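Residue-level listing of the chains:
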Amino acid sequence: MMRKKIGRIGSSLLMVVLTTLTVALSGCSSDKAGDSASVANSQEAGTEAVTGTDAAQSTDVADDLSKLTVGIPQDIDGLDPHNSTGAGTREVFYNIFEGLVKADSEGNLNPAVASEYTISEDSKVYTFTLRDGIKFHDGSNVTVEDIKYSLERNMGVDGSEPLIKAYKAIDSVNIVDDSHVEVVLKDSDSDFLTQLTVAIIPEANEHPETTPIGTGPYKYVSNSPQENFIVTRFDDYWGEKAYIKDVVFKIEANMDAIVLDLEGGSIDMMARVTPTQVSQLSDKFQVYEGTMNLVQALYLNNAVKPFDDVRVRQALCYAVDPQKIMDFVSEGAGTEIGSAMFPAFSKYFMPELNDTYNLDVDKAKELLSEAGYPNGFEFTITVPSNYGQHVDTAQVISEQLKEIGVTANIQEIEWNSWVSDVYSGRQFEATVVGIDASTLSASALLNRYVSDNGKNFVNFNSADYDAAYANATAATDDAEKTKYYKECETILSKEAASVYIQDLPEFVVLNKKFTGYVFYPLYVQDIAKIRPAQ
């Protein structure tokens, strides 16, 4: 973890921030989270800290171990896997839907709906063999027609915009025979396999938005908006069967209730709890520690004043100290990042970019004066209220910016409002969230900064960046591709697309009645791995 080298926060500011966060963390017991090629093999494995006595000693033999209740901080944003974008939705859907390939905990892409695949020498034709006997949750057999339908639905072959921007690269999806499908690309792309984790769903299902049907280890039962999402084990699953029969994902939007609900037994598991919450738990819980694999930042709307001026954005970068944010928000845990890439993607991660903006209040003030704001300015940080560490981070940032005469007001809004107003509507000045990667590819984090990308909610616009990204996607040599992706990261840092902060630590709490939690380099919760401890 790298510390800032220039300048020092004043002692009075430290006391204000410390007092503020003492109240926030001990009074609210808040949660936090973010909005993802075997590059993750070098990821530092999550370590496990066991509190109290042995799990078997705290397990009541009368407990029903066939049911697990998992707390999640917000509701899913839809039942159709092709039209749902929230990271919180993806972590649930990992258990229900599968693509031709599927990521494992080591960052490998393994065959799933497909039993095997081949890639042509020019990386333009990907051929998949349909897994023999694989079934959908409704009992029907998966066919090559279902694969073609699912991929073409995301391509937008009906004339609509592709649901996955990367699918513009597909020239055709062809059925070779009853067991083989080939995906033909317009240009060579040795990295395209990472895009083929998209859910394969039945062509015959006319209403995927209300009746989700997949091939995963769990199948959909019901959902009650803002209450819960219920699944049950799919006994005809092609792979290793899930241990727990019934799983309830319970919405835990009230950050203050998490510890009480864990202790009271209304939930058995909760991811992304805070260190303060961990310290409040009894010894009947096991705590797993890893990383969230996301990019937490003060995301700036580059299309609105004053953030349309690169000097203003750079000034904020010089004024914000990530290490002090980590010290106060997560007791020093976390990893500083200087661009839109987290450390688990070690091949692409550039720790040297952490030093692009070392804390320098005088430099920040100088840049503000050059930009026409010698006396600073005022703006609003809009934060989803159910992600406590993002709220806490915004509070520290607000205090740090006072040192350069900038007033940052904090507006907390509900998650659904954040998605509609900030992410989709782009009606904001700044926000603090974490952005994860949906696939095991650098492009999953970097494509959103291309000027015409629909996910570019910060409205970053750079001809140099667009060119570097185009070069990366066109490259067939892995070393060349990596070079251009790193050029993209460097541009984001130098042009201060946002104020990059950290990859957050992750603490997962699981009742000792259960065991087997596993961290992934993506934003998923693999419930099928969890089993009774006895």
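That block above? That's the structure.
An account of the accompanying structure is given in this report. (Residues numbered from 1 in each chain as written. Predicted model: local features only at pLDDT ≥ 70, side-chain atom pairs only at ≥ 80, totals over all residues. Heavy atoms only, no water.)

1. A few points about the overall build of the protein
So, step 1. Counting its secondary structure elements, the protein contains 13 helices and 22 strands.
So, step 2. A total of 534 residues make up the protein; the buried ones form 57% of that total. (Helix = DSSP H or I, 4+ residues; strand = E, 2+ residues; numbered from the N terminus. Buried < 20%, exposed > 50% of the residue type's maximum accessible area, 1.4 Å probe, protein only.)

2. Here we look at the sheet that holds strand E7 (residues 170-177)
So, step 1. Strand order across the open sheet formed by four strands is E5-E6-E8-E7, with antiparallel pairing between neighbours. Strand pairing shows two members of the sheet lacking a second neighbour, strand E5 (114-119) and E7, which therefore form its edges. For this sheet the average axis-to-axis angle between neighbouring strands, irrespective of direction, equals 20°.
So, step 2. Direction of pairing for E5 relative to strand E6 (residues 125-130): antiparallel, over a ladder of five bridges. Bridge pairing links glutamate 116 to threonine 129 in E6.
So, step 3. Those strands touched by helix H3 (residues 144-155) are E6, E7 and strand E8 (180-185), and its axis lies near 175° from that of E7. (Pairing = 2+ DSSP bridges. Axes fitted to C-alpha atoms, helices over the stretch in contact; angles between N-to-C directions. Contact = heavy atoms within 4.5 Å.)

3. A few points about unusual backbone geometry
So, step 1. Cis peptide bonds are those with omega within 30 degrees of zero, and the linkage from lysine 305 to proline 306 qualifies with 0°.
So, step 2. For arginine 426, which is not glycine, the phi dihedral falls at a positive 55°.
So, step 3. Relative to the assigned elements, arginine 426 resides in the loop between helix H10 (415-424) and strand E18 (430-436).
So, step 4. Phi at alanine 496 is positive, roughly 50°, even though this residue is not glycine.
So, step 5. Note on placement: alanine 496 falls in the loop between helix H13 (478-494) and strand E19 (498-503).

4. A few points about the packing of aromatic side chains
So, step 1. One pass over the structure, following the stated rule, counts 29 aromatic pairs.
So, step 2. Taking 5.2 Å as the distance between ring centres and 50° as the angle between the ring planes, the aromatic pair formed by tyrosine 237 and tryptophan 238 counts as tilted.
So, step 3. An aromatic cluster of three or more residues is present, and its members are Tyr299, Tyr387, Trp415, Trp418, Tyr423, Phe428 and Phe457.
So, step 4. One residue, lysine 102, lies across the ring of tyrosine 94, its end atom 4.6 Å from the ring centre.
So, step 5. The ring centre of tyrosine 484 lies 4.7 Å from the NZ or CZ of lysine 483, which sits over that ring. (Phe/Tyr/Trp six-rings, centres within 6.5 Å; stacked < 30°, edge-to-face > 60°. Lys NZ or Arg CZ within 6 Å of the ring centre and 35° of its normal.)

5. Some words on the pairing of E7
So, step 1. By the bridge criterion, six bridges tie E7 to E8 in an arrangement that is antiparallel. Bridged to isoleucine 175 within E8 is valine 181.
So, step 2. Hairpin connection, E7 to E8: the antiparallel pair is bridged by two residues.

6. Structural notes on the pattern of salt bridges
So, step 1. One pass over the structure, following the stated rule, counts 21 salt bridges.
So, step 2. Linked through salt bridges whose partners overlap, the residues forming this network are Glu91, Arg272 and Glu506. (Salt bridge = Lys/Arg side-chain N within 4 Å of Asp/Glu carboxyl O.)

7. Side note on the side chain of asparagine 386
So, step 1. Position of asparagine 386 relative to the elements: it lies in the loop between strand E16 (378-384) and helix H9 (388-401).
So, step 2. The exposure class of asparagine 386 is buried, given its relative accessible area of 5%.
So, step 3. Here the side chain of asparagine 386 touches proline 73 through a polar contact of 3.1 Å, landing on its backbone oxygen. (Polar contact = N/O pair within 3.5 Å; in protein donor to acceptor, adjacent residues only side chain to side chain.)

8. What about the sheet that holds strand E15 (residues 335-336)?
So, step 1. Sheet architecture is open: six strands sit in the order E15-E19-E14-E18-E16-E17, paired in mixed fashion. Looking at which strands have only one partner, the edges of the open sheet turn out to be E15 and strand E17 (407-413).
So, step 2. Strands E15 and E19 of the sheet are contacted by helix H7 (residues 322-329), whose axis makes an angle of about 45° with E19.

9. Concerning H10
So, step 1. Within H10, burial applies to Trp415, Trp418, Val422 and Tyr423. Each buried residue of H10 lies within a common arc of 80° when the element is viewed along its axis, so the set occupies one face.
So, step 2. Close packing links the buried residues of H10 with E16, E17 and E18.
So, step 3. Phi turns positive one or two residues past the end of H10, at arginine 426, with a value near 55°. (Arc of directions from axis to C-beta.)

10. Brief notes about empty space enclosed by the protein
If you roll a probe as big as a water molecule over the atoms, it shows you where there is empty space left.
So, step 1. Each pocket or cavity is described by its volume, and for the second largest cavity that value is around 80 Å³.
So, step 2. Broken down by class, the residue content of the lining of the second largest cavity amounts to seven nonpolar, three polar and three charged. (1 Å grid on protein atoms, 1.4 Å probe; cavity = no way out; pocket = protein on both sides within 12 Å on 5 of 7 lines; lining within 4 Å. Points joined across faces, edges and corners; volume = space filled by probe spheres on them. Nonpolar A, V, L, I, M, F, W, Y, C, P; charged D, E, K, R; others polar.)

11. Here we look at the packing of helix H12 (residues 463-474) against H13
When two helices pack together, you describe them by how their axes are tilted relative to each other and by the distance separating the axes.
So, step 1. Their axes nearest at 8 Å, the elements H12 and H13 cross at an angle of 160°. In terms of orientation, H12 lies roughly antiparallel with respect to H13. The crossing of H12 and H13 is left-handed. Between H12, through Asp464, Tyr465, Ala468, Tyr469, Asn471, Ala472 and Thr473, and H13, the contact on the second element is made entirely by Lys481, Tyr484, Tyr485, Glu487, Cys488, Ile491 and Leu492.
So, step 2. Of the residues assigned to the contact of H12 with H13, the class counts are nine nonpolar, two polar and three charged. (Parallel < 35°, antiparallel > 145°, perpendicular 65-115°, else oblique. Left-handed = near helix turned anticlockwise from the far one by under 90°.)

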